[in-house]
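Residue strings, one per chain:
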Amino acid sequence: MPETSILSDEFIRELINVGEVDILVGVPTYNDGRTVGQVVQAVRAGLLQYFPRERSVIINADGGSRDGTQDLVRAASISDLSVTPDVHALRTLHSISTRYEGGPASGLALRTILAAADLLQAKACAMVAPDSTAIDPSWVERLLQPLLHDGRDLVLPVYRRHKFEGLLIRNLVYPMTRAIYRCAAREPYPADFAFSGTLGSRFLAQDIWTQEQGRYGTELWFALSAIVEKAKITQSFVGAKTRFETGPADLVKAMRESAGVLFASLDANFAAWNSPREPLEAPCAGCEPTVSLEHSRLNRKRLHQMFAFGVSELEPVFLSILSSHVHDELKRLAKVPEESFAYPEELWVRTVYEFAAAYHKAVIGRDHIVQALVPLFRGRAFTFLTENRDASAEEVESNIESLCNTFERERPYLLEAWDGRK
Amino acid sequence: MAAQDGLWYKDAIIYQVHVRAFYDSTGDGNGDFRGLAQRLDYLQDLGINAIWLMPFFPSPLRDDGYDISDYRSVNPTYGSLDDFKSFLDAAHQRGIRVIIEMVLNHTSDQHPWFQESRSSRDNPRRNWYVWSDTDTKYKGTRIIFLDTELSNWAWDPVSKQYYWHRFFSHQPDLNYDNPQVREEMWDVMRFWLNMGADGFRLDAVPYLVEREGTNCENLPETHSVIKQLRERLDKEFPGRMLLAEANQWPADLLPYFGNGDEFHMAFHFPLMPRMFMGVKLEDRKPITEILKQTPTIPEPCQWCLFLRNHDELTLEMVTDMERDYMYDEYAKEKTQRLNLGIRRRLAPLLDNDRRKMELMNGMLMSLPGTPIIYYGDEIGMGDNVNLGDRNGVRTPMQWNGGWNGGFSNADPETLYAPLLLNPVYGFQATNVASQRRFDHSLLSWMKLLIRVRKSSAVLSRGSIEFLYPANHRVLAYLRKLGNETVLVVNNLSSKAQAVELDLKPYRGNILIEMFGRNIFPRIGDLPYLLTLGPYQFYWFRLRRI
């Protein structure tokens, strides 16, 4: 029985028409009609301004939008059929769209775009989030230039974020990745990033596409894979990261896609991170302060309540995951009133490491392990918000750095937990 | 030659040659008319049916003959008027028409007219040129030879006034506001027409008249001069032809056709660099865009298309972005650049890639217009940028691998220009004799191309309709004339391509490939799928059988 192709015949016909390219910009979408038009127009402007001579294509992998998203992407095409008087382009720019099966899932979108890049022999690929409304044409240059002219393999973004945004990245994914894989990439789970065609093709060949990390959190898996294989990584400061708000974030989903994928990566790459390893450089081009301080209103009270409720409610689960020492500390914390509550760095790091070890040993269902971390993270988030409520940008950076150091210092704790000595 | 068909220029395949560069019959190191006549069999065998002769008049040769000092004679170096007449008759006997160059805009400063004009301010010929007490008139006029000229005015120390020149300062512009000048220049043209010349390539026509407050190009007064010449030509010499050299945008060129009462033909300058651009970008966009901007011209008129000529590959009619791209891709060496252009021949421009040369010549012969082949390009001659100005693309024709490449019996030191000697383009590697030996040589292929082009009037006189397949690396168009339709498909890419063509209106036709006459599948309801190798092109005749 022939193997089913992930690319439709119609899409392949479009790829034939595009032919070999130097640059491919991928835009994964699902009902992003309110923002994607602005994003692809910025991408187009960036390609015309910074890479007018390169053969380029914009490819949209859509998860089944019903809001005209695909048409907005296609409208960015430049050809001799559609003359736009104010657009001066040396060559044709195809902007094509395909709908992948089984969506929406960002991993499937990435896989579709990787497959297209592989077929088109793209030298450099950039992925751009459809809701990156702060994007301007310079993003295209900042993401692609290091690949095309400096021979880098992977370009990760550095954003300027509000000090209370990206809490999961700042409290878990970034410091843990830095400590375990010894690579100080600020955004290892990127929404906007770029990679060489060869790195993309190697990733496409990985046997992950039937697994969970092939559907969600795939971008994190990608970055971690590049770190594991010691790819040449660089970071580019692109500016502010603002997203079009679509409603409250699903923290369980976010935890699955970030911590879940990170834990899975640790499990799959134990030999790589356990062996003596030189730090993997990830220099940052054009980096500027990454913390912004605009006024923000957050409901910390609810975070505290959900932490306390979670510690109590999930006690049977924690008994399987956590050491008695850590578990006891958490139970004690759950009784501390909001005004004096603080989830200390060291306890948070040990908690996370014990969760990672439990995931490795699959003491219970792995998805349950990841979900159980959610209320505990809320406690840590409460502490982060409290500690940094009146902090300057420098102080926020200093606090994040302190947490990173704790993750680093507690690395032996993870190893002990990993092989069952805890 | 009988003017049995007044539209002969539409079916012409023009060969551009400089008498000096083609064949030396006297052994003095310069080509001449007797030599050119001796090589007419070669040109007839090539298949061309018109020759465009670059200036052959007496001249100090400070601009390769475009600085004429006597309009009614032949430069003695190239022979005599009788030699010219003999050549003309011999060409006509072979069915080859002869178009001669006429430099209307300016003369040499050595021309007796100018010598008289400058001799004193009250000389009767003073007003034959454009004089001024200041060099500030016509400020809005661009300088064409940017590399050598700082102003369009030059000081004459003899009569102590400035004179106007759009090109080199030794080429003063004639004053076309003077009726005597207009009368005299028509008389010059009549002189050559009476001898049998079939047409004129009129040099630098946009610049004939000057007016304050304008850019002194394409002025209505200039068009009046041309209309008057055309009227006299049609009246006294029907069937003869005027070809305009006007390096302008398509919309600005349209007036040069008038209502069919100015030029018969005009060069399509903006198309030429875009053909090179399209092949380098592997994208049809530059070509289709400029042809979309090209206006419809009166029915008796025709565009003249060329790939290379005796000048630099001009980049005046491109945007700054396009010019930078062309320089970076086609003139990486600074020495290859001249003015706003690139002084290189076709083969070196195309990396001596036979596939690209075939593709470019294929487009030259299939896009709407009369094609011009620059001498030597049919065998892939190279250039020599070390010769200065544009002389590097004007070296002697390479006939064989023997003494002086078969061009001349003179001592090599006495040749008007040195032959190419390098191992790729030198005369021992690239010459007519060696390419005549093989059916697959570039020369043999060019003969085939010309033969196929001439096999159907649709390619010379037909309309064009672009197909715009989704694959932008493929340039496809239909040429139509009456009931005949030819499909042309060009792969501009260095890689093989698949393309689907929407040929539904021609459902039921079969395609006949015009070079091999092989049959391709019948057009059905589905898009017609073709695959093309790198730089490959097809010409198909559509037939309903």
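Note: the structure precedes this text.
> Can you explain the overall build of chain A? Please cite residues and give values.
The number of helices and strands found in chain A is 17 helices and nine strands. Against the compact-globule benchmark of 22 Å for 422 residues, chain A has a radius of gyration of 22 Å, which places it among compact chains. A principal-axis box enclosing the C-alpha atoms of chain A has dimensions of 70 × 55 × 40 Å. The buried share among the 422 residues of chain A stands at 51%. Contacts in chain A between residues at least 24 apart in sequence constitute 85% of all its contacts with a sequence separation of at least 6.

> Account for the nonpolar core, with residues named and values stated.
Residue and element names in this part refer to chain B. Membership of the largest hydrophobic core comes to 159 residues, with the highest contact counts inside it found for Ile51, Ile99, Leu243, Ala244 and Ala266. For this core, the leading source of residues is helix α9 (residues 271–281), giving seven residues. Residue assignment places this core across two domains, with domain 1 (112–164) and domain 2 (463–543) each supplying three or more. Once residues lying within four places of it in the same chain are set aside, the contact partners of Ala244 are Leu202, Val205, Tyr256, Phe263, Ala266 and Phe267.

> An account of unusual backbone geometry is needed here, citing residue identities and associated values.
All names here are of chain B. Phi angles above zero are rare outside glycine, and Asp64 is one such case at about 55 degrees. We classify Asp64 as partly exposed; it has 19 C-beta atoms within 10 Å. Notably, Lys160 is not glycine yet its phi reads approximately 55 degrees, a positive angle. Mapped onto the secondary structure, Lys160 falls in the loop between β5 (153–156) and β6 (161–164).

> So what about the interface of chain B and chain A? Which residues, and what values?
Each side of the interface is counted separately: chain B has 19 residues, and chain A has 13 residues. Within the residue set of the side of chain B that touches chain A, elements represented by two or more residues are α10 (285–292), α11 (320–330) and β18 (497–501) of chain B. Its residues assigned to classes, the side of chain B that touches chain A comprises six nonpolar, six polar and seven charged.

> So what's going on with the sheet that holds strand β13 (residues 341–342) of chain B? Which residues, and what values?
All names here are of chain B. Spatial strand order, β11-β13-β12: three strands in an open sheet with antiparallel pairing. On the outer flanks of this sheet lie β11 (313–314) and β12 (337–338), each paired with one strand and no other. Across two bridges, β11 lies against β13 in antiparallel orientation. Residue pairing for β13: Thr314 is matched across the bridge by Gly341.

The rules behind these values
Residues numbered from 1 in each chain as written. Chains lettered and ligands numbered in written order. Predicted model: local features only at pLDDT ≥ 70, side-chain atom pairs only at ≥ 80, totals over all residues. Helix = DSSP H or I, 4+ residues; strand = E, 2+ residues; numbered from the N terminus. Rg over C-alpha atoms; globule rule 2.2 N^0.38 Å. Buried ≥ 20, exposed ≤ 12 C-beta atoms within 10 Å, placed from the backbone. Contact = placed C-beta atoms within 7 Å. Core = buried A, V, L, I, M, F, W, Y, C linked by C-beta atoms within 7 Å. Domains from an automatic or database assignment. Nonpolar A, V, L, I, M, F, W, Y, C, P; charged D, E, K, R; others polar. Pairing = 2+ DSSP bridges.

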